[in-house]
Amino acid sequence: MESCQSAPSLNSGFKGVQITQEQGQREVFCGLTGIVWLHRKIKDAFFLVIGSRTCAHLIQSAAGVMIFAEPRFATAIIDDRDLAGLADANDELDRVVNQLLGRRPDIKLLFLVGSCPSEVIKLDLGKAAERLSIKYSDSGVRVLNYSGSGIETTFTEGEDACLVSLISQMSFSESTEKKLLIVGTLADIVEDQMARIFNKMGISNVCFFPSRLSSTLPPLSKNTFFILAQPFLNETAKGLEAKGVKRLSAKFPFGVEGSKAWYKAIATFFGVSSTVFDEAIKAPLERALKAVQVKKNIFQDKKVFIFPDSQLEISLARFLCQELGAEIVEIGTPYLNKKLMELELLALPNNVPIYEGQNVENQLQRCFDKKPDLVVCGLGLANPLEAKGFTTKWSIELVFSPVHGFEQAADLAELFCRPLDRHDRLKSLNTVETGVLN
Ligand code: SF4
């Protein structure tokens, strides 16, 4: 949990959408959490957090049982000797890295991940990464750094910071070939499904970033374009644009409508005809429409309140309104990039209040007042709200589960419907028990 002083809210409209900035106490994860999905994606990378026992506990709790499966992440704990200046933190770091790389020859890319403690003691991890990269270059190991600290990053911003550090490793060529980069960590299964659809459209020049291996990072050129698959990659988008790589804008591939719009933007970019496009997406589109329709019956007109968490909130709210018929009574988001989210914002009903940032006390009060049927929130708020009679959906699952594309549209709907279904079943159970007791 992070906190800072409350400040007056500012209202700023966006083409009819009301956006309010809010500051105060926050209930969000720090960027270290991104390691949980990033280490599964980049299979030859290791994430070494330079932090405290708190950081180690956070990652262990977020990763759950994964910590027993020889994971590719760990924490180098800054202890009292480092803090008191009795030990040279750089020497200690070199010793830990030496031990780690000696034990794990499979590591080809090592991320030194900064945390609140490493930032507070001003440990220069950028310099350490440069020094260690030179030291281990003969062994083919690259060392990079980024910050996942709670001071600088909120939850998914950890992935954003990680990808920014990877951009520095991408080669730049004079190639004239038109290429498209799909940017954002996706489950391998989702990437495979997308690749099959591109194949059917006759598109071959598509690469995914981050790639599954650090050694196969896609090269860039002035003829490379990129499209985001995740809405939270603000700095990555800026970093790519700074290299001359242009962005295709589209809605994000969540739900049937979002996926269709996203694929359409790519098809248009490559000049794919409407007939080929329609044929390529026909089967998965039909399956998705059918599966989502079933869920719509459960969700129609339910009131939903979304607390800030991952920056996926705007796209998910659009999916809930457009495809499941829900009424969104508030959307909270930790950060809102209006440029990247423009098409999503335009697809929302005009009257949805959006809060950027957080003052959790005020937000809880608004939630109590609005009496939503479903509250989408983090783990810290979910059980207390359940105890007060609210039905909640843990938002973290929306980041950890594969939810992109046509094939996952029904799974995405199911994630929201499950708590409502459980609520109804428990209610009927209580009614039966009360009946028996009477
Ligand atoms: S990086 Fe900061 S916010 Fe995150 S676990 Fe460590 S101390 Fe806590």
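Model, not experiment: these values are computed from the prediction.

(A) View of the overall build of the protein chain. Along the backbone of the protein chain there are 17 helices and 17 strands. A compact globule built from 438 residues should have a C-alpha radius of gyration of about 22 Å, and the protein chain, at 23 Å, falls within 12% of that. Projected onto its principal axes, the C-alpha coordinates of the protein chain cover approximately 70 × 55 × 45 Å. Evaluated residue by residue, the protein chain yields a buried proportion of 54% over its 438 residues.

(B) Up close: the nonpolar core. The biggest cluster of nonpolar side chains holds 109 residues, and the ones touching the most others in it are Phe111 and Ile182. When neighbours within four sequence positions are excluded, Phe111 is seen to be in contact with Ile42, Ala45, Phe46, Phe47, Leu48, Leu144, Tyr146, Cys162, Ser165 and Leu166. Ile50, Ala129, Leu132 and Val143 belong to the second-largest nonpolar core, a separate cluster that totals 21 residues.

(C) Structural context of empty space enclosed by the protein. Within this structure, the stated rule accounts for 3 cavities of 30 Å³ or more. In this structure, the largest cavity spans a volume of roughly 50 Å³. In terms of lining, the largest cavity is formed by Ile227, Leu228, Arg247, Leu248, Ser249, Ala250, Phe252 and Leu340. Among the residues making up the lining of the largest cavity, the classes are represented as 6 nonpolar, 1 polar and 1 charged.

(D) Quick look at the site of the ligand. In the vicinity of the ligand, the contacting residues are Cys30, Leu32, Cys55, Ser115, Cys116, Ser149 and Gly150. A per-class count over the shell around the ligand returns 4 nonpolar, 3 polar and no charged.

(E) Local environment of helix 8 (residues 188-200). Over its 13 residues, helix 8 runs 19 Å from end to end, which matches the ideal 18 Å to within 8%, given 1.5 Å per residue. As for helix 8, its buried residues are in contact with helix 1 (35-41), strand 8 (179-183), strand 9 (206-209), helix 10 (255-269) and helix 11 (274-299). Immediately downstream of helix 8, the backbone of Gly202 shows phi near 80 degrees, a positive value.

(F) Up close: the domain arrangement of the protein chain. According to the domain assignment, the protein chain consists of domain 1 (9-27 + 291-427), domain 2 (31-153) and domain 3 (179-270). The C-alpha centroid of domain 3 is placed 25 Å from the C-alpha centroid of domain 1. Every contact between the two is made by 27 residues of domain 1 and, on the other side, 29 residues of domain 3. Together, Leu340, His404 and Phe406 form the three largest contributors to the area buried by domain 1 at its contact with domain 3, with a combined 33%. The interface formed by domain 1 and domain 3 includes 0 salt bridges. For the side of domain 1 that touches domain 3, the secondary structure elements donating two or more residues are helix 12 (313-324), helix 13 (338-346) and helix 17 (409-437). Ranked by the residues each element gives to the side of domain 1 that touches domain 3, the list is headed by helix 12, at 6 residues. Among the residues forming the side of domain 1 that touches domain 3, the class breakdown is 14 nonpolar, 8 polar and 5 charged.

(G) Highlighting the side chain of Glu344. Here Glu344 is to be found in helix 13. A residue is classified by how much of its surface remains accessible, and Glu344, at 1% relative accessible area, is buried. Ignoring anything within four residues of it in the chain, the contact list for Glu344 reads Lys251, Phe252, Ile314, Ser315 and Arg318.

Thresholds, definitions, all that
- Residues numbered from 1 in each chain as written.
- Predicted model: local features only at pLDDT ≥ 70, side-chain atom pairs only at ≥ 80, totals over all residues.
- Heavy atoms only, no water.
- Helix = DSSP H or I, 4+ residues; strand = E, 2+ residues; numbered from the N terminus.
- Rg over C-alpha atoms; globule rule 2.2 N^0.38 Å.
- Buried < 20%, exposed > 50% of the residue type's maximum accessible area, 1.4 Å probe, protein only.
- Core = buried A, V, L, I, M, F, W, Y, C linked by side-chain atoms within 4.5 Å.
- Contact = heavy atoms within 4.5 Å.
- 1 Å grid on protein atoms, 1.4 Å probe; cavity = no way out; pocket = protein on both sides within 12 Å on 5 of 7 lines; lining within 4 Å.
- Points joined across faces, edges and corners; volume = space filled by probe spheres on them.
- Nonpolar A, V, L, I, M, F, W, Y, C, P; charged D, E, K, R; others polar.
- Near = heavy atom within 4 Å.
- Expected span 1.5 Å × (residues − 1).
- Domains from an automatic or database assignment.
- Buried area = accessible area lost by both parts, 1.4 Å probe.
- Salt bridge = Lys/Arg side-chain N within 4 Å of Asp/Glu carboxyl O.

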